[in-house]
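Per-entry structural report
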Amino acid sequence: MPKPRSKRQAIRDERKAKRREKAIAADEASQETKRRRIDDGDGNDNGDDTGEREPVFDDGYDQLQPRLGGPPPADREFFGMLSDQEQEYFRSVDEQLDIDDFPSQEERGLYLASVFAEAQGKELKLACSQSCSRLTERLILMSNTRQKKKLFGQFASHFLALIQHRFASHCCETLFLQSAPIVTRELGGERDDVPTEQDDPNEPPLPYMEELFLLTLDELEGHLGYLIADKFASHTLRVLLIILSGRPLEQSQTKSLIHSKKKEQISVPWTTDSLADLNTQLRAVPMSFNLAAKKIIADSVSDMSPTELRVLATHPTGNPVLQLLLELDINLNLKATDDSDDMTLLWRLLPDAPASLKDTTTTASDFVNSMLYHPIGSRLLETLIAHCPGKVFKALYKHVFSTRIHSLIRNDIACYPAIRILNRLSKEDLVAAVQKSLSEFGKLVALSRFNVIKTLFERCQAREANAEVETLTNALIEALGSGRNSLVPKLCLPQPSDAEDGDKHVPVQKNQSSLISHGAHLTTTMLAIRGAPSLAIQASLAALPEELILQLATSSAPTSYVLVTALSTPTKNKAFHKTLVAALRPHAFQLAMSSSGNKVINMIITTPSKGDGITIPFHIKESIMDQLGQHEQELRDSFEGRRAWRAWKGDLWRNRRRDWISWVKEVDSASGIATIPPQSRRDGGIRNGYGNGNSMGSTMKDSDYPKKRKRVEVS
């Protein structure tokens, strides 16, 4: 057997061998378990011959999934297969692009042009090939505008089959995402698809990218009803909807909505700055895109009955698409009324709302109650609550949530729609909800509903309900027991369990990690709130022994961020910051080598030596640098260590000590101004009444916490 050309090729060969073994084992098993014909005594068999059927060929399409609406699947298109010589060539191209050792940008462009010339006429085969579809994605990422438009032309009239293909659907997603910023540029009059010297001068001019997207949507017209629940096409449909809406393409929430957790990240060594800027901000889209989005929403659900809509709302694949459709439907039809001729998706889900929500026997009330405790349907309900008009939300809260908000926040599923409700309440309703939840606060803590408690703190601060903030702090201390010194250990550090179950060891550990993450987020939120919450957390941190502070810094990213926030939070206790750093100083090298503790050790150098409410003496920083200097080589050999060495400017400290001291003093003067937050924070993005609710009013940055929530189940 020849030696594999590369590590990637070895992995591919190993996967092929495993698939071949599984296929052989499955075929042998099917031969053994074939159903025998049943003789009824007269020589006639009343069985069927299903056992004699040939194995189904896996062509990359999801053949066994049930369809919701739409016509039955037609015969799949087959575009042929690459020859062995072609596969070998494109495999070498993939390796060459991965290495990226081109001497200049021009050389890379010429090489890409030759690859596209070689791939001409084979684009569909490449996209549907398991081994070469990744190369197709990489080529799309590296291609220019003209090459993308030509690829649109090659895929034209085949998009319906491609987006339902296991491998080609990823190529379509990448092509759409990379082409979306071009629409915005061309809308401003900028075109960069002029022919070059290598192109045919008699070739007709390429169309606008807007036209290519609209032609693609025309191909999908009439098939959207069942594409929503298709295993592969649903992801591509989400991409198209986000592009039509003009939403940013690089937001973490957008990425989690588009891609699944198993999505392989195809990267390139370079990207253009103009495209990166357009991907991270709202994009201007033509009016035709808004009209196309409205038509997609209408065509997707127009032929569905209320029962089919409810099934789709609980479908694991269709639910995310329905969430996006509902959000776009509300944003594009804010002025639509319940008696309008064009019934939007919101009114299909909640007929005759808001008046119908007063009666518990109506279809609208029954839909809300049925989705409230469903693990999948509740996510659609969250989208509805967060984006519905104010008049609908007001009726929804008054007649459905108001009387039982205290019981909903205890449930492990219903608590998430309840959190969305709390984010949109006015100050008066929020105060009433807090008063109702106080009687259940002990159960909330026992069930580890720290995300609910965190939301209560955030909303009370945003609405300036200071009395309720102090009440919540006292209730939390009382529910945890042992005084305020036990806040941080019980919220952020793992508690020993009384019983150990060997069969459930792994799930329990995973669940415990989620609980600690939620507790750390609550602790960080309380640190950011001036008054009783921050004082309670600071007192608890100051009372921790040295080993627990070190565990807090190195155990996980959320717990380490508690210390990062504590070091950047002003306090009247002048010894607070010095106490934390003094406990961490003997373990400076361990912190620098830890992925979590690295953030803490880097935060120390940016904390001022003499500040208003934040003080870490210079001699402590100097002693930490001395410890790091003793392990310089070990730090340089580690990625985390190199990051800490750069943050502390270790080379400057070793070669020019006086310059390093001057630099530390400059950092002190700069950070002393930046780290002191204002005395009070107002919620400028949320109205005092029932608003749209898109702004969460959180005191934390969006980038500080992971976006994908974890639903915690406590046994």
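Reading the values: the criteria
- Residues numbered from 1 in each chain as written.
- Predicted model: local features only at pLDDT ≥ 70, side-chain atom pairs only at ≥ 80, totals over all residues.
- Heavy atoms only, no water.
- Helix = DSSP H or I, 4+ residues; strand = E, 2+ residues; numbered from the N terminus.
- Buried < 20%, exposed > 50% of the residue type's maximum accessible area, 1.4 Å probe, protein only.
- Contact = heavy atoms within 4.5 Å.
- Areas by Shrake-Rupley, 256 points an atom, 1.4 Å probe, with all protein chains shown as cover.
- Phe/Tyr/Trp six-rings, centres within 6.5 Å; stacked < 30°, edge-to-face > 60°.
- Expected span 1.5 Å × (residues − 1).
- Arc of directions from axis to C-beta.
- pLDDT = per-residue confidence, 0-100.
- Core = buried A, V, L, I, M, F, W, Y, C linked by side-chain atoms within 4.5 Å.
- Axes fitted to C-alpha atoms, helices over the stretch in contact; angles between N-to-C directions.
- Parallel < 35°, antiparallel > 145°, perpendicular 65-115°, else oblique.
- Left-handed = near helix turned anticlockwise from the far one by under 90°.
- Nonpolar A, V, L, I, M, F, W, Y, C, P; charged D, E, K, R; others polar.
- Polar contact = N/O pair within 3.5 Å; in protein donor to acceptor, adjacent residues only side chain to side chain.
- Salt bridge = Lys/Arg side-chain N within 4 Å of Asp/Glu carboxyl O.
- Disulfide = S-S within 2.5 Å.

Re the overall build of the chain
Within the chain one finds 39 helices and 0 strands. Within the span of the chain, comprising 715 residues, buried residues form 47% of the whole. For the chain, restricting intrachain contacts to residue pairs at least 6 apart in sequence, the fraction spanning at least 24 positions comes to 75%. Accessible area of the chain: about 36000 Å², with a carbon and sulfur share of 51%.

Some thoughts on the packing of aromatic side chains
Under the counting rule described, the total for this entry stands at 10 aromatic pairs. Where Tyr 89 meets Phe 90, the ring centres are 5.1 Å apart and the plane angle is 65 degrees; that geometry is what we call edge-to-face. Owing to a relative accessible area of 29%, Tyr 89 belongs among the partly exposed residues under this scheme. Pairing Phe 152 with Phe 176 gives two aromatic rings, centres 5.9 Å apart and planes at 35 degrees, and the pair type is tilted. Of this pair, Phe 152 sits in helix H6 (residues 145-155) while Phe 176 sits in helix H8 (residues 168-187), placing them 24 residues apart in sequence.

Re unusual backbone geometry
With the exception of glycine, most residues fall at negative phi, and the peptide bonds are largely trans. Put simply, Ala 353 and Pro 354 share a cis peptide bond, and its omega is 5 degrees. Residue placement: Pro 354 occurs in the loop between helix H17 (345-349) and helix H18 (363-372). Phi is positive for Ser 448, close to 60 degrees, though the residue is something other than glycine. With respect to the helices and strands, Ser 448 occurs in the loop between helix H24 (441-446) and helix H25 (450-462). Phi is positive for Glu 464, close to 60 degrees, though the residue is something other than glycine.

Considerations on the side chain of Ser 143
Positionally, Ser 143 belongs in the loop between helix H5 (133-142) and H6. Here Ser 143 is in contact with Phe 116 and Lys 148, once residues within four sequence places are set aside.

A look at helix H2 (residues 84-99)
Helix length check: H2, at 16 residues, gives a terminal C-alpha distance of 23 Å against a target of 22 Å (1.5 Å per residue), a fit within 8%. Of all the residues in H2, the buried ones are Gln 87, Phe 90, Arg 91, Val 93, Asp 94, Glu 95 and Leu 97. Positive backbone phi, approximately 55 degrees, marks Asp 100, located one or two places after H2.

As for helix H3 (residues 105-119)
Compared with the 21 Å implied by 1.5 Å per residue over 15 residues, the 21 Å span of H3 between its first and last C-alpha is a close match. Among all positions in H3, only Arg 108, Leu 112, Val 115, Phe 116 and Ala 119 are buried. The buried residues of H3 all sit within an arc of 100 degrees when viewed along its axis, so they share a single face. Exposed and facing more than 90 degrees away from the buried side of H3 are Glu 106, Leu 110 and Ala 117. Turning to H3, the residues buried within the fold contact H2, helix H4 (123-128), H5 and H6. Gly 121, located one to two residues past H3, shows a positive phi value of around 90 degrees.

Section: the confidence of the model for the chain
Parts of the model with low pLDDT should not have their predicted coordinates read in detail. Mean pLDDT for the chain: 80, with 75% of residues reaching 70 or above. Below a pLDDT of 50 lies the segment residues 498-509, which in the model reaches 1 contact outside its immediate sequence neighbourhood of four places, other chains included. Long-range and interchain partners of residues 672-715, a stretch whose pLDDT sits below 50, account for 100 contacts in this model, where long-range means more than four residues apart.

Focus on the nonpolar core
With 162 residues, the main nonpolar core has Phe 401, Leu 476 and Leu 541 as its most contacted residues. Discounting residues that sit within four places of it in the chain, Phe 401 has contacts with Val 368, Leu 372, Leu 381, Ile 385, Leu 396, Leu 408 and Ile 421. Phe 102, Leu 112, Leu 135 and Leu 139 belong to the second-largest nonpolar core, a separate cluster that totals 14 residues.

Digging into the packing of H2 against H5
Across the interface, H2 lies against H5 with an axial gap of 10 Å and an inter-helix angle of 50 degrees. The pairing of H2 with H5 is recorded here as oblique in orientation. Between H2 and H5 the crossing geometry is left-handed. For the pair formed by H2 and H5, the contact residues are Phe 90, Val 93, Asp 94, Leu 97 and Asp 98 on the first element and Leu 135, Arg 138, Leu 139 and Met 142 on the second. A per-class count over the contact of H2 with H5 returns 6 nonpolar, no polar and 3 charged.

Structural notes on the environment of Gln 323
Along the polypeptide, Gln 323 turns up in helix H16 (residues 318-332). C-alpha of Gln 323 to C-alpha of Thr 383: the two residues are 60 residues apart in sequence and 6.2 Å apart in space. A distance of 2.6 Å separates the side chain of Gln 323 from the side chain of Asn 319, its partner in a polar contact.

Looking at the pattern of salt bridges
Applying the stated criterion across every chain, the model contains 19 salt bridges. In this structure, Glu 186 engages Lys 149 in a salt bridge whose closest nitrogen and oxygen atoms are separated by 2.6 Å. Remark: Lys 149 occurs in helix H6 and Glu 186 occurs in helix H8; sequence separation between them is 37 residues. On the accessibility criterion, Glu 186 (8% relative accessible area) is buried. The exposure class assigned to Lys 149 is buried, which follows from its relative accessible area of 3%. The shortest N-O distance in the salt bridge between Arg 185 and Glu 190 comes to 3.9 Å. Beyond isolated ion pairs, a larger network of salt bridges with shared partners links Glu 632, Arg 636, Asp 651 and Arg 654.

Some points on the environment of Leu 177
Among the secondary structure elements, Leu 177 is positioned in helix H8. A relative accessible area of 15% means that Leu 177 is categorised as buried.

Some details on the side chain of Thr 565
Mapping Thr 565 onto the fold places it in helix H31 (residues 557-567). Sequence-distant contacts of Thr 565, defined by excluding residues within four places in its chain, comprise Thr 524 and Leu 527.

Points about the packing of H8 against helix H9 (residues 209-220)
As a packed pair, H8 and H9 sit with axes 8 Å apart at the nearest point and diverge in direction by 135 degrees. In terms of orientation, H8 lies oblique with respect to H9. In this structure, H8 contributes Phe 176, Ser 179, Ala 180, Ile 182, Val 183 and Glu 186 to the contact, and H9 contributes Met 209, Glu 210, Phe 213 and Thr 216. By residue class, the composition of the contact of H8 with H9 is 6 nonpolar, 2 polar and 2 charged.

A few points about the environment of Glu 464
Position of Glu 464 relative to the elements: it lies in the loop between H25 and helix H26 (466-480). Given a relative accessible area of 31%, Glu 464 falls into the partly exposed group. In this structure the C-alpha to C-alpha distance between Glu 464 and Lys 427, which are 37 residues apart in sequence, comes to 8.0 Å.

A word on the state of the cysteines
Counted by the stated rule, this structure contains 0 disulfides. Just so you know, Cys 128 is unpaired, no disulfide at all, and the nearest cysteine sulfur is the one on Cys 171, 8.0 Å from it. Residue Cys 128 is classed as buried on the basis of its relative accessible area, which comes to 16%.

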